[in-house]
Amino acid sequence: MSGVATAAARAPAAAVLSARGLTKRFGGFTATDNVTLDVAEGTIHALIGPNGAGKSTLFALLTKFHTPSSGQILLDGEDITRLAPPAIVRRGMVRSFQISAVFPHLTVLENVRVALQRRHGLDRQFWRPANSLQRLDLQAMDLLEQVGLARQAGSDAAALSYGRKRTLEIATTLALEPRVMLLDEPMAGMGREDVALVEALIRRVATGRTILMVEHNLGVVETLADRVTVLARGAVLAEGSFAEIRANDEVRRSYMGADHD
């Protein structure tokens, strides 16, 4: 009995997001080449690789901003390959982008409220008076508390530091209640202090969620990632824990020992 319990405790988590033979061609150029990937539920999974390895293209395929040339995408075991991006969001998978996507001339609170309007189906109900949206303010403030931005709620987003803008973007992502978050280079362009801030935030919001992230800061990957997939020339080069990846001679030759973006 105890042996059965131990085996069950060690069983790997089920994959919440999977790619099967995912390929994307742009004319004669193959950006992703027969990629197979499993992201286990409740984990932080990192994609790394040199510039041009196909990481952002893979993100765009998974979230349907690009249409695959071939292959299959599964979310909770359901084939979502032919679904449009809004349908993916409704199923609980949301992505961020390399460039911060906040509204600079709205306040921090208003940015989160816009995301909440979308979740509640109010984003196209333009006839409603502005004060009808105030009922969302409590939810928005709760999200800002979670990410440490409550004190800046009334400030214009343009006044935030770059790292704080990325933090606000995570808050707007959380407003859509994602089960799976895809973070595209969340630390890009940050100084050390902002990296530490966003790293701690990602660890915090990962509780009860699954995160797939592209990240070039290997120190962050080592700290956060439960599992790492290395892409090179559009294909999977290696996969494993960070320690296994770091010890892989082929990875070290093609990526870790060379300059990378």
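Everything in this summary refers to the structure shown in the same document. (Residues numbered from 1 in each chain as written. Predicted model: local features only at pLDDT ≥ 70, side-chain atom pairs only at ≥ 80, totals over all residues. Heavy atoms only, no water.)

Bringing the overall build of the protein chain into the picture now. Scanning the protein chain from N- to C-terminus turns up 10 helices and 10 strands. Within the protein chain, the proportion of its 261 residues that are buried is 48%. A separation of at least 24 residues holds for 65% of the contacts in the protein chain among residues at least 6 apart in sequence. Element-wise, carbon and sulfur atoms account for 50% of the exposed surface of the protein chain, whose accessible area totals about 13000 Å². (Helix = DSSP H or I, 4+ residues; strand = E, 2+ residues; numbered from the N terminus. Buried < 20%, exposed > 50% of the residue type's maximum accessible area, 1.4 Å probe, protein only. Contact = heavy atoms within 4.5 Å. Areas by Shrake-Rupley, 256 points an atom, 1.4 Å probe, with all protein chains shown as cover.)

Another aspect to go through is the environment of G21. Mapping G21 onto the fold places it in strand β1 (residues 15–26). Of the residues examined, G21 reaches a relative accessible area of 17% and is grouped as buried. Sequence separation between G21 and T32 is 11 residues; the distance between their C-alpha atoms is 9.4 Å. Those residues in contact with G21 that lie beyond four places of it in its chain are N34, V35, T36, S70 and G71.

Grouped together as the largest cluster of nonpolar side chains are 47 residues, with contacts concentrated most on V112, L168, I202, I211 and V228. For I202, the contacting residues outside a window of four places in its chain are I44, I170, L183, P186, M187, I211 and L224. Core analysis: the second largest hydrophobic core is formed by 23 residues, L37, L75, I80 and L212 among them. (Core = buried A, V, L, I, M, F, W, Y, C linked by side-chain atoms within 4.5 Å.)

Looking along a regular strand, one sees side chains alternate from face to face of the sheet. With respect to burial, strand β8 (residues 210–214) is a largely interior element, five of its five residues being buried. Alternating residues of β8 divide into T210, L212 and V214 and I211 and M213, and every residue in both groups is buried. Bridge count for strand β3 (residues 44–48) against β8 is four bridges, and the pairing is parallel. When the sheet's bridge partners are listed, A46 is paired in β8 with M213. Direction of pairing for strand β7 (residues 180–184) relative to β8: parallel, over a ladder of five bridges. Across the sheet, the residue bridging to D184 is V214, located in β8. On the question of chirality, the crossover connecting β7 to the parallel β8 by way of helix α7 (residues 192–205) is right-handed. (Pairing = 2+ DSSP bridges. Right-handed = clockwise from strand over helix to strand, strands pointing away.)

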